[in-house]
Amino acid sequence: MGFPVAHSLSPRLHNFWLDRYGIDGAYVPLPVAPEHFSSALRSLAQLGFAGVNVTVPHKEAAFAAADETDDLAKRIGAINMLTFKDGRIFGRNTDAFGFRESLREAAPSWSAKGAKAVVLGAGGAARAVVAALIDEGAAVTVANRTRSRAEALTASIGGMAADWDNRARLLAGADLLVNTTVLGMEGKDALDLDLGALPKSALVADIVYVPLETKLLVEARRRGNTAVDGLGMLLHQARPAFAAWFGREPEVTAELRRHVLAGR
Ligand code: ATR
């Protein structure tokens, strides 16, 4: 469920797995206006759906509507997937898992433990990214245009808030840079950031995936940093959801990546 939802790549992703594993199921996009969200959610449970993913603008409303949520979802304050079971609605946030796994896939030997991470942005996606990094033992600094949002995020999840204007200086000695802002996305302004101070050994991740190769990632690769694109997080956040609904642990493969990208 999203609003709008027509652009979502998730139906292509889940339907690929359903087909691959021979499971008789379907994953459909459901455009639901915010004012109808909670009644639509209850109806899906009554209609016999196994569960549902929620995306913008429903992630906080879904958190409030779920009968039960796990601790990670409570810390993040938003959920992206729900499971219907015995008349109850269980909510989870699998974005943090998806981000962690996307780093693991792109840089298997990199470890967040003791790493210094700089996260740009303080929206819903940033909350999941910061929670994932803190849980793996990273020291996280969050720089956001609106500083009060970075402060609210770090107060509830962990890490330190910094001024947006300081973002280039924060990169000195960093092991990871993550862009969770909309900057660099098709139709938005570019991310204005000088990578000069960033060690060449650092990973650079962008959660934007339209375009897949953002200017940030192109520049990172050019100077020798390992770049992690935003499609990985999308693909990996879907794994625990598919497993919960359909009882099978799905695999993220190069073939899946190509199939999902062809849907754009
Ligand atoms: P999501 O929940 O998907 O992460 P969001 O809550 O709208 O989306 O967050 C978007 C992020 O992009 C925010 O960190 C936002 O900064 P503000 O909190 O100051 O709004 C950031 N962002 C959007 N436009 C920006 C711009 N022109 N310059 C800097 N940051 C921007």
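Remember, it's a predicted structure, so these values are computed and weren't measured experimentally. (Residues numbered from 1 in each chain as written. Predicted model: local features only at pLDDT ≥ 70, side-chain atom pairs only at ≥ 80, totals over all residues. Heavy atoms only, no water.)

1. Overview of the packing of helix 1 (residues 10-20) against helix 11 (residues 254-261)
At a minimum axis separation of 9 Å, helix 1 and helix 11 run at an interaxial angle of 135°. Taken together, the axes of helix 1 and helix 11 are oblique relative to one another. As helix 1 runs across helix 11, the sense of the crossing is right-handed. Of the residues in helix 11, those touching helix 1 at Arg12, Leu13, Phe16, Trp17 and Arg20 are Glu255, Leu256, His259 and Val260. (Axes fitted to C-alpha atoms, helices over the stretch in contact; angles between N-to-C directions. Helix = DSSP H or I, 4+ residues; strand = E, 2+ residues; numbered from the N terminus. Parallel < 35°, antiparallel > 145°, perpendicular 65-115°, else oblique. Left-handed = near helix turned anticlockwise from the far one by under 90°. Contact = heavy atoms within 4.5 Å.)

2. Some words on the site of the ligand
If you check the shell around the ligand, you find 13 residues, and the closest are Gly124, Asn144, Arg145, Thr146 and Arg149. Measuring from an oxygen atom of the ligand, one finds a backbone N or O atom of Gly124 at 2.8 Å. Within the backbone of Val182, one N or O atom sits 3.5 Å away from an oxygen atom of the ligand. Here the ligand, which alone exposes 640 Å², has 71% of that area covered by the protein. (Near = heavy atom within 4 Å. Polar contact = N/O pair within 3.5 Å; in protein donor to acceptor, adjacent residues only side chain to side chain. Areas by Shrake-Rupley, 256 points an atom, 1.4 Å probe, with all protein chains shown as cover.)

3. Details of the pattern of salt bridges
Summed over all chains, the structure comprises 13 salt bridges. Here Arg100 and Glu136 are joined by a salt bridge, their closest N and O atoms 3.8 Å apart. Placement of the pair is Arg100 in helix 5 (residues 95-106) and Glu136 in the loop between helix 6 (124-135) and strand 6 (139-144), with a sequence separation of 36 residues. Taking relative accessible area as the criterion, Arg100 reaches 22% and is therefore assigned partly exposed. For Glu101, the salt bridge is made with Arg239, and the minimal N-O distance between the two is 3.1 Å. Residue Glu101 is located in helix 5, and its partner Arg239 is located in helix 10 (residues 231-246); the two are separated by 138 residues in the primary sequence. Across this residue pair, the class does not change: Glu101 and Arg239 are buried. (Salt bridge = Lys/Arg side-chain N within 4 Å of Asp/Glu carboxyl O. Buried < 20%, exposed > 50% of the residue type's maximum accessible area, 1.4 Å probe, protein only.)

4. A short note on the packing of aromatic side chains
Throughout the structure, instances matching the rule amount to five aromatic pairs. Centroid distance Tyr27 to Trp245: 6.1 Å. Interplanar angle 45°. Geometry classified as tilted. Of this pair, Tyr27 sits in the loop between helix 1 and helix 2 (37-47) while Trp245 is found in helix 10, placing the two residues 218 residues apart along the sequence. What makes Tyr27 buried here is its relative accessible area of 14%. (Phe/Tyr/Trp six-rings, centres within 6.5 Å; stacked < 30°, edge-to-face > 60°.)

5. Some words on helix 7 (residues 147-157)
Among the residues of helix 7, Ala150, Leu153, Thr154 and Ile157 are the ones counted as buried. Burial along helix 7 is one-sided: seen end-on, the buried residues are contained in an arc of 90°. Where helix 7 ends, the next residue or the one after it, Gly158, has phi of about 125°, a positive value. (Arc of directions from axis to C-beta.)

6. A word on the sheet that holds strand 1 (residues 51-53)
Spatially, 1-3-4-2 is the arrangement adopted by the four strands of the open sheet, whose pairing is mixed. Each end of this open sheet is capped by a strand with a single partner; those strands are strand 1 and strand 2 (68-69). In this structure, strand 2 lies alongside strand 4 (residues 88-92), joined through two bridges in parallel fashion. The residue bridging Glu68 from the neighbouring strand is Phe90, located in strand 4. Most of the contacts of helix 2 go to strand 3 (residues 81-85), to which it runs at about 45°, and overall it touches strand 1, strand 3 and strand 4. The strands touched by helix 10 within the sheet are strand 1, strand 3 and strand 4, with strand 3 carrying the most contacts at an inclination of about 5°. (Pairing = 2+ DSSP bridges.)

Distances and angles like these do not, on their own, reveal function.
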